[in-house]
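Residue-level listing of the chains:
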Amino acid sequence: MMKKSWFGIAVLAAIVLMAVIPVAAQDDEFVFGLVLVGPENDRGWSQAHYEAGLYIEEMIPNSRMVFFPSLNPADAPETTLLDVVTEMVDQGAKMIFTTSDAFEEDTDVVAEAFPDIVF
């Protein structure tokens, strides 16, 4: 399990680094969002993504993570991906990771509503 967590952290960090380096050079704050399918301390998938976000904040100057834990019908049936993404964009997010296959179709729809945001 630990190898999978570190692999997820490494992949997420690499993707963000490729996108952030030009932004970081401008001395602007880089805000990125994580939409988690479970709590940030689930000892698995969601925690690995959350820890990767913390690592990015630590390693990239002027970066800040915003996240939403447990976006799934069992935990928050009234909350939609559009609601979560809108809040993240309002907080300045320029890149948003939706971290579950369950978000795939909704991410495509939401991405059309926010063409300037990287998903």
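For the structure itself, consult the block above.
Right, let's walk through the structure included here.

Analysis parameters
- Residues numbered from 1 in each chain as written.
- Predicted model: local features only at pLDDT ≥ 70, side-chain atom pairs only at ≥ 80, totals over all residues.
- Heavy atoms only, no water.
- Pairing = 2+ DSSP bridges.
- Helix = DSSP H or I, 4+ residues; strand = E, 2+ residues; numbered from the N terminus.
- Axes fitted to C-alpha atoms, helices over the stretch in contact; angles between N-to-C directions.
- Contact = heavy atoms within 4.5 Å.
- Core = buried A, V, L, I, M, F, W, Y, C linked by side-chain atoms within 4.5 Å.
- Buried < 20%, exposed > 50% of the residue type's maximum accessible area, 1.4 Å probe, protein only.

Right, let's talk about the sheet that holds strand β2 (residues 63-68) for a bit. Within a beta sheet, neighbouring strands are joined by backbone hydrogen bonds and run either parallel or antiparallel to one another. If you trace the three strands from one edge of the open sheet to the other, you get β2-β1-β3, paired in parallel fashion. The open sheet has two free edges, formed respectively by β2 and β3 (93-98), since each of these has just one partner strand. Taking the axes of each pair of neighbouring strands and ignoring which way they run, one obtains an average angle of 20° across the sheet. Where strand β1 (residues 30-35) and β2 come together, six bridges link them in parallel fashion. From the neighbouring strand, Phe32 faces β2, where its bridge partner is Met65. Relative to β3, helix α3 (residues 81-90) is tilted by about 150°, and along the sheet it contacts β1, β2 and β3.

Ranked by internal contacts, the top residues of the largest apolar core, which has 14 residues, are Val35, Leu71, Leu81, Val85, Met88, Ala93 and Ile96. Those elements that place two or more of their residues in this core are β1, α3 and β3. Counting residues per element, this core draws most heavily on α3, which supplies four residues. Counting 10 residues, the second-largest nonpolar core is a separate cluster that includes Phe30, Leu36, Ile56 and Ile60.

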